[in-house]
Amino acid sequence: QVQLVESGGRLVQPGGSLRLSCAASGFPFSKYPLNWYRQTPGKERELVARISSDGSSTNYADSVKGRFTVSRDNSKNTVYLQMNTLKSDDAAVYYCNVNEIRDNSDEDWYREVWGQGTLVTVSS
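The rules behind the values
Residues numbered from 1 in each chain as written. Predicted model: local features only at pLDDT ≥ 70, side-chain atom pairs only at ≥ 80, totals over all residues. Heavy atoms only, no water. Phe/Tyr/Trp six-rings, centres within 6.5 Å; stacked < 30°, edge-to-face > 60°. Lys NZ or Arg CZ within 6 Å of the ring centre and 35° of its normal. Pairing = 2+ DSSP bridges. Helix = DSSP H or I, 4+ residues; strand = E, 2+ residues; numbered from the N terminus. Axes fitted to C-alpha atoms, helices over the stretch in contact; angles between N-to-C directions. Salt bridge = Lys/Arg side-chain N within 4 Å of Asp/Glu carboxyl O. Buried < 20%, exposed > 50% of the residue type's maximum accessible area, 1.4 Å probe, protein only.

Asks: Hey, could you run me through the packing of aromatic side chains in this one?
Replies: Aromatic ring pairs are defined here through the distance separating the ring centres and the angle between the ring planes. Counted by the stated rule, this structure contains four aromatic pairs. What links up through ring pairs into an aromatic cluster is the set Phe27, Phe29 and Tyr32. The ring of Trp114 carries the charged tip of Arg45 above its face, separated from the ring centre by 3.9 Å. The ring of Phe29 has Arg72 sitting right over it, with the charged end atom 4.3 Å from the ring centre.

Structure, rendered in structure tokens:
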């Protein structure tokens, strides 16, 4: 089945680092750009980072630029978000997302696919 599963979220102190992972399955991973979003209660989801299908280009929200790095390993069907110098404002549920994909059998189309999210807490 088509799915994204995030992992790696945990409690971290301000200034600390954390690496999130998103494992993908059920679709040709290397064909599609991947996105990282984050959301806190009562607020809209924010696009944090995105990475091209081959990993050659990336984009970041201004709030995380210079601190976060998105990367991917297409051989492992996994995208990562390395978060450094974490701030309290970075605390959120982080989601992996891919859009407008077809599954491996080319039988089903999906407008959006979201993972279940992984919680990042930043506190001393």
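Asks: I would appreciate a short explanation of the sheet that holds strand 1 (residues 3–7) in the present structure.
Replies: Pairing between the strands of a sheet comes from backbone hydrogen bonds, and it takes one of two forms, parallel or antiparallel. Spatial ordering of the open sheet is given by 1-3-8-7, a layout of four strands whose pairing is antiparallel. Edge positions in the sheet fall to strand 1 and strand 7 (68–73), since each has one partner strand and no second. Looking at each pair of strands side by side, their axes are set apart by 15° on average, direction ignored. In the sheet, strand 3 (residues 18–25) pairs with strand 8 (residues 78–83) via six bridges, with the strands oriented antiparallel.

Asks: So what exactly am I meant to see when it comes to the pattern of salt bridges here?
Replies: Pairing between side chains of opposite charge can happen when the charged atoms of each approach one another. Inspection of every chain in the model, using the stated rule, returns six salt bridges. Residue Arg38 is joined to Asp90 by a salt bridge in which the shortest nitrogen-to-oxygen separation is 2.9 Å. You can see Arg38 sitting in strand 4 (residues 34–39) and its partner Asp90 sitting in the loop between strand 8 and strand 9 (92–102), a full 52 residues away along the chain. Classification of Arg38 by relative accessible area gives buried; the value is 6%. We note a salt bridge from Asp62 to Lys65, for which the minimum N-O separation is 3.4 Å. Its relative accessible area of 67% is what places Asp62 among the exposed residues. One continuous salt-bridge network, built from bridges that share partners, spans Arg38, Glu46, Arg67 and Asp90.

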